[in-house]
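Geometric and topological summary
Here are the chains, one letter per residue:
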Amino acid sequence: MERTTFEIVVQALSDFLDEAVGIFRTERDFPQDIAEDVLREAVDSMGLSTFSHRLYGKFDYKKAIYVFTPKAQRVALMLDAKAEKESDTATLQMSQTSMFVQFKSRGKLVSGQGLLQQSLSQNGGDIQVVSIVAKFEYENRGDGGYDLKRIVVACIPNSALQQSYNPSETDHIWAVGRNSPTRGEDFRVRLKFALLRDKQAWRVRELTIGYEFDFS
């Protein structure tokens, strides 16, 4: 289910890529605001099959949709946009993953329970939660706009797959977050694309201007 839903989002962004380049080049808003708008417009333009269920959470785009496999399956689609300069990570809040995060950084254990639900219920049935992050990498233009270089899309594993993706502090997909405890900032973690790709190649897709590169 995660893979099918992920492919829908990747296709939506791929179809919208030319428009995304133009929007980044001409808009003068903050890059993060532009990324959120592009993600929303790209997915909405696909015309997904939806059903009524109010979703909550700290994601830029949330929608209850049907995914056909070919049977109609109910999915809580959670999407988040990040606008950053080039890097191999995406920063996540703990409310954006259902996994128990555990890894070592500089010899110290870093751990925390994700706050996202594994699944939701409606009328006695389950709605699977699928969370995806799209990172828009850009460079500043001299005229005040931005050059969109690539979009890295990653499917964050559901906690039902904990043993496959983060069974221990030495076997994981994370890097230390950019939060500052001294300033009272909430704990964050970075999803490391290379480690996730090593676990399962299809979970990371790179859309580069002019062509798409599939790691699978």
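Check the entry above for the structure.
In what follows, the accompanying structure is described. Since this is a predicted model, take the numbers as computed values, not measurements. (Residues numbered from 1 in each chain as written. Predicted model: local features only at pLDDT ≥ 70, side-chain atom pairs only at ≥ 80, totals over all residues. Heavy atoms only, no water.)

Regarding unusual backbone geometry
Most peptide bonds are trans, and most residues other than glycine sit at a negative phi. A cis amide bond links Thr69 to the next residue, Pro70, at an omega of 10°. Structurally, the position occupied by Pro70 is in the loop between β1 (61-68) and β2 (72-84). For Arg106, which is not glycine, the phi torsion reads 55° and is therefore positive. Relative accessible area serves as the criterion here: at 85%, Arg106 is assigned to the exposed category. Located in the positive-phi region is Asn123, a residue other than glycine, with phi close to 55°. (Helix = DSSP H or I, 4+ residues; strand = E, 2+ residues; numbered from the N terminus. Buried < 20%, exposed > 50% of the residue type's maximum accessible area, 1.4 Å probe, protein only.)

Points about the packing of helix α1 (residues 2-15) against helix α3 (residues 31-46)
Taken N-terminus to C-terminus, the directions of α1 and α3 make an angle of 105°; their axes are 8 Å apart at the nearest point. In terms of orientation, α1 and α3 fall into the roughly perpendicular class. Contacts between α1 and α3 involve Ile8, Gln11, Ala12, Leu13 and Asp15 on the former and, on the latter, Leu39, Ala42, Val43 and Met46. Across the contact of α1 with α3, the residue classes tally to seven nonpolar, one polar and one charged. (Axes fitted to C-alpha atoms, helices over the stretch in contact; angles between N-to-C directions. Parallel < 35°, antiparallel > 145°, perpendicular 65-115°, else oblique. Contact = heavy atoms within 4.5 Å. Nonpolar A, V, L, I, M, F, W, Y, C, P; charged D, E, K, R; others polar.)

Some remarks on a negative patch on the surface
Where like charges cluster on the molecular surface, the negative patch consists of Glu27, Asp29, Asp33 and Glu41. Among the secondary structure elements, Asp29 is positioned in the loop between α2 (17-26) and α3. Residue classification places Asp29 among the partly exposed positions, given a relative accessible area of 37%. (Patch = residues over 30% accessible without salt bridge, like charges linked within 9 Å, V, L, I, M, F, W, Y side chains within 5 Å. Areas by Shrake-Rupley, 256 points an atom, 1.4 Å probe, with all protein chains shown as cover. Salt bridge = Lys/Arg side-chain N within 4 Å of Asp/Glu carboxyl O. Lys, Arg positive; Asp, Glu negative; His and termini not counted. Charge placed at Lys NZ, Arg CZ, Asp CG, Glu CD.)

Focus on the sheet that holds strand β10 (residues 188-192)
Spatial strand order, β3-β10-β9: three strands in an open sheet with antiparallel pairing. Each edge of the open sheet is held by one strand with a lone partner, namely β3 (89-93) and β9 (174-176). Taken over all neighbouring pairs, the strand axes of this sheet differ in orientation by 40° on average, direction set aside. With three bridges joining them, β9 and β10 adopt antiparallel strand pairing. Following the sheet pairing, Val176 is matched in β10 by Val189. (Pairing = 2+ DSSP bridges.)

Description of the pattern of salt bridges
For the coordinates displayed, the defined rule picks out 13 salt bridges. Here Asp37 ties to Arg40 by a salt bridge, and the two come within 3.2 Å at their closest N and O atoms. Placement of both Asp37 and Arg40 in helix α3 is noted, with a separation of three residues, approximately one turn of the helix. Among the ionic pairs, Arg141 bridges to Asp147, the shortest N-O distance being 2.9 Å. Given a relative accessible area of 28%, Arg141 falls into the partly exposed group. The structure contains a network of salt bridges with shared partners spanning Glu84, Lys135, Glu137, Arg150 and Glu206.

Digging into α2
Along α2, the residues that are buried comprise Leu17, Ala20, Val21, Ile23 and Phe24. Along α2, the residues classed as buried sweep out an arc of 165° about the axis, all on the same side. Away from its buried face by more than 90 degrees, α2 exposes Asp18 and Thr26. Those residues of α2 that are buried lie in contact with α1, α3, β7 (125-140), β8 (146-156) and β11 (204-208). (Arc of directions from axis to C-beta.)

A word on the side chain of Thr89
Assignment of secondary structure puts Thr89 in strand β3. Aside from chain neighbours lying at most four places away, what touches Thr89 is Glu84, Lys135, Arg178, Arg190, Leu191, Lys192 and Phe193.

Considering the nonpolar core
Membership of the largest hydrophobic core comes to 36 residues, with the highest contact counts inside it found for Leu13, Phe24, Ile132, Phe136, Ile151 and Val153. Counting residues per element, the ones that place at least two in this core are α1, α2, α3, β1, β2, β7 and β8. For this core, the element with the most residues is α3, which contributes six residues. Residues within four places of Val153 in sequence aside, it is in contact with Phe6, Val9, Val10, Leu13, Ile132, Val133, Ala134, Arg203, Val204, Arg205 and Leu207. Phe103, Val110, Val133 and Val189 belong to the second-largest nonpolar core, a separate cluster that totals 19 residues. (Core = buried A, V, L, I, M, F, W, Y, C linked by side-chain atoms within 4.5 Å.)

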